Amino acid sequence: MDLTNPLIYGVPCFIALILLELTYSHTHGDEDLYVWKDLMASGAMGIGSAILGPLIKLTVLIVVFNFTYELFNPLVDGVRTNIMGYESFGYAWYVFVLCQLADDFTYYWFHRANHEIRVLWAAHIVHHSSDHFNLGTAIRNGWFTLLYKPFFYMWMPAVGFPVEVVIFALAIESFWQFQLHSKYVPKMGWVEKIFNTHTMHQVHHSQNVEYLDKNHGGFLNIFDKIFGTWKELDDDVDVKFGVIHAPQSYNPIVILTHEFKDIWADVKKVDKFSHKLMYIFGPPGWSHDGSTMTVKQQQRLFNKQKSENPEMAFSRPN
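Report follows, based on the coordinates.

## A few points about helix H13 (residues 295-308)
Argument step 1. Counted at 1.5 Å a residue, the expected span for H13 with its 14 residues is 20 Å, and the 20 Å between its end C-alpha atoms agrees.
Argument step 2. For H13, the full list of buried residues reads Val295, Gln298, Gln299, Phe302 and Gln305. The arc that holds every buried residue of H13, seen down its axis, measures 130 degrees, which confines them to one face. In H13, the exposed residues that point more than 90 degrees away from the buried face are Arg300, Ser307 and Glu308.

And the structure:
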């Protein structure tokens, strides 16, 4: 089946929506929503992804997915049959629905891994490095994530989803994720019970301690609720966007590589091999001497202080 990747139409839509939000913010007294240098840096990240994306998809995503599909779904008497014994999935409407659900499950764990494994966080932090939450930030994507993302999704063609359907689901996921990056969409009542919404994504982009590593879902929030990472936006909390240790630069190369440099500095300062591995593959904030804290450690400390002395402002340890 010849399916057109919806992202072919994405770029002009993304640009148009960014310009629309930019115009709206300037005509409604919200000029600080966009900072030109920040938008240009995000644009450079987006252009790089647009250029590298097709190349990497051709050499990694398509090759990996096709190889996996062919290996686990060989032709048996002219029919694609999964090695588990059932006929591989076709192109019925319910296959698209099931594939989209499988994509959302996979996206949750891919996204969560990007926040909980430091070397992956070094690639993903690019997306969180802006202090501004807008549609421009939506295209501020790290280039290195393109190299390993397909491997999280290999199981989908392996169980019998056609490669074109998997790629179609990935594109729909990208569309949904893009439009979430707007603060102009308020809470939406019953929709919030099912879908990952704009206010939930504000939580995800916040550096407030209680909001860190929350709401990793794609278009649904069910997996966040099942696995304990869901958090509703509290209207009484003053949200601060961005990351604790921002790159302090609009240079695309600095934005892309600053956390990798920090990892290298941490690896060099310790002699024990297990410590070196933890600085690479452990959670961000882990330290061998307790000088910095992981998100879970910070949140335990935050919750303890909140219960003991709720009036006291929390002093961040990192």
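## Observations regarding the packing of helix H4 (residues 118-128) against helix H6 (residues 145-152)
Argument step 1. Put simply, H4 and H6 touch, their axes get as near as 10 Å, and they point 120 degrees apart. When the axes of H4 and H6 are compared, the pair comes out oblique. The handedness of the crossing between H4 and H6 comes out as left-handed. Touching Leu120, Ala123 and His124 of H4 are Thr145, Tyr148 and Phe152, all from H6.
Argument step 2. Grouping the constituent residues of the contact of H4 with H6 by class yields 4 nonpolar, 2 polar and no charged.

## What to know about a nonpolar patch on the surface
Argument step 1. A cluster of nonpolar residues, Phe105, Trp109, Trp155, Ile222, Ile226 and Phe227, forms a patch on the protein surface that exposes about 540 Å² of accessible area.
Argument step 2. Elements that contribute at least two residues to the nonpolar patch include exactly helix H3 (93-116) and helix H10 (222-226).
Argument step 3. You can see Trp109 is positioned in helix H3.

## Quick notes on the nonpolar core
Argument step 1. Formed by 25 residues in total, the largest nonpolar core has its most connected members in Phe65, Cys99, Tyr153, Met156, Phe161, Val166 and Leu170.
Argument step 2. Residue assignment for this core shows that the elements contributing at least two residues are helix H2 (36-72), H3, H4 and helix H8 (163-179).
Argument step 3. The element best represented in this core is H3, accounting for 7 residues.
Argument step 4. When sequence neighbours within four positions are dropped, the list of residues in contact with Met156 reads Cys99, Ala102, Asp103, Thr106, Phe161 and Val166.
Argument step 5. Counting 10 residues, the second largest nonpolar core, distinct from the first, contains Leu33, Tyr34, Leu39 and Leu135.

## As for the layout of surface pockets
Argument step 1. Of the pockets and cavities examined, the second largest pocket occupies roughly 810 Å³.
Argument step 2. Lining the second largest pocket are 41 residues, with Trp121, Pro284, Gly285, Met293 and Val295 positioned closest to its centre.
Argument step 3. At the level of elements, H3, H4, helix H11 (252-268) and H13 are the ones that each hand at least two residues to the lining of the second largest pocket.
Argument step 4. Looking at the lining of the second largest pocket residue by residue, the class counts come to 13 nonpolar, 18 polar and 10 charged.

## Examining the pattern of salt bridges
Argument step 1. Scanning all chains against the criterion turns up 11 salt bridges.
Argument step 2. A salt bridge links Glu116 to Arg112, with the nearest nitrogen and oxygen atoms 2.9 Å apart. Within this pair, Glu116 and its partner Arg112 are both found in helix H3, separated by 4 residues, close to a single helical turn.
Argument step 3. Since its relative accessible area comes to 24%, Glu116 is described here as partly exposed.
Argument step 4. For Arg112, a relative accessible area of 13% corresponds to the buried category.

## Describing the environment of Gln207
Argument step 1. Following the sequence through the fold, Gln207 ends up in the loop between helix H9 (198-204) and H10.
Argument step 2. Once the C-alpha coordinates of Gln207 and Val243 are considered, the two residues, 36 residues apart in sequence, prove to be 5.5 Å apart.
Argument step 3. If we ignore the near neighbours within four places in the chain, the residues touching Gln207 are Leu212, Lys240, Phe241, Gly242, Val243, Ile244 and Arg316.
Argument step 4. Here Phe241 takes part through its backbone oxygen, which lies 3.1 Å from a polar atom of the side chain of Gln207.

The rules behind each value
Residues numbered from 1 in each chain as written. Predicted model: local features only at pLDDT ≥ 70, side-chain atom pairs only at ≥ 80, totals over all residues. Heavy atoms only, no water. Helix = DSSP H or I, 4+ residues; strand = E, 2+ residues; numbered from the N terminus. Expected span 1.5 Å × (residues − 1). Buried < 20%, exposed > 50% of the residue type's maximum accessible area, 1.4 Å probe, protein only. Arc of directions from axis to C-beta. Axes fitted to C-alpha atoms, helices over the stretch in contact; angles between N-to-C directions. Parallel < 35°, antiparallel > 145°, perpendicular 65-115°, else oblique. Left-handed = near helix turned anticlockwise from the far one by under 90°. Contact = heavy atoms within 4.5 Å. Nonpolar A, V, L, I, M, F, W, Y, C, P; charged D, E, K, R; others polar. Patch = residues over 30% accessible without salt bridge, like charges linked within 9 Å, V, L, I, M, F, W, Y side chains within 5 Å. Areas by Shrake-Rupley, 256 points an atom, 1.4 Å probe, with all protein chains shown as cover. Salt bridge = Lys/Arg side-chain N within 4 Å of Asp/Glu carboxyl O. Core = buried A, V, L, I, M, F, W, Y, C linked by side-chain atoms within 4.5 Å. 1 Å grid on protein atoms, 1.4 Å probe; cavity = no way out; pocket = protein on both sides within 12 Å on 5 of 7 lines; lining within 4 Å. Points joined across faces, edges and corners; volume = space filled by probe spheres on them. Polar contact = N/O pair within 3.5 Å; in protein donor to acceptor, adjacent residues only side chain to side chain.

Everything listed here is a matter of coordinates, which is why it stays silent on function.
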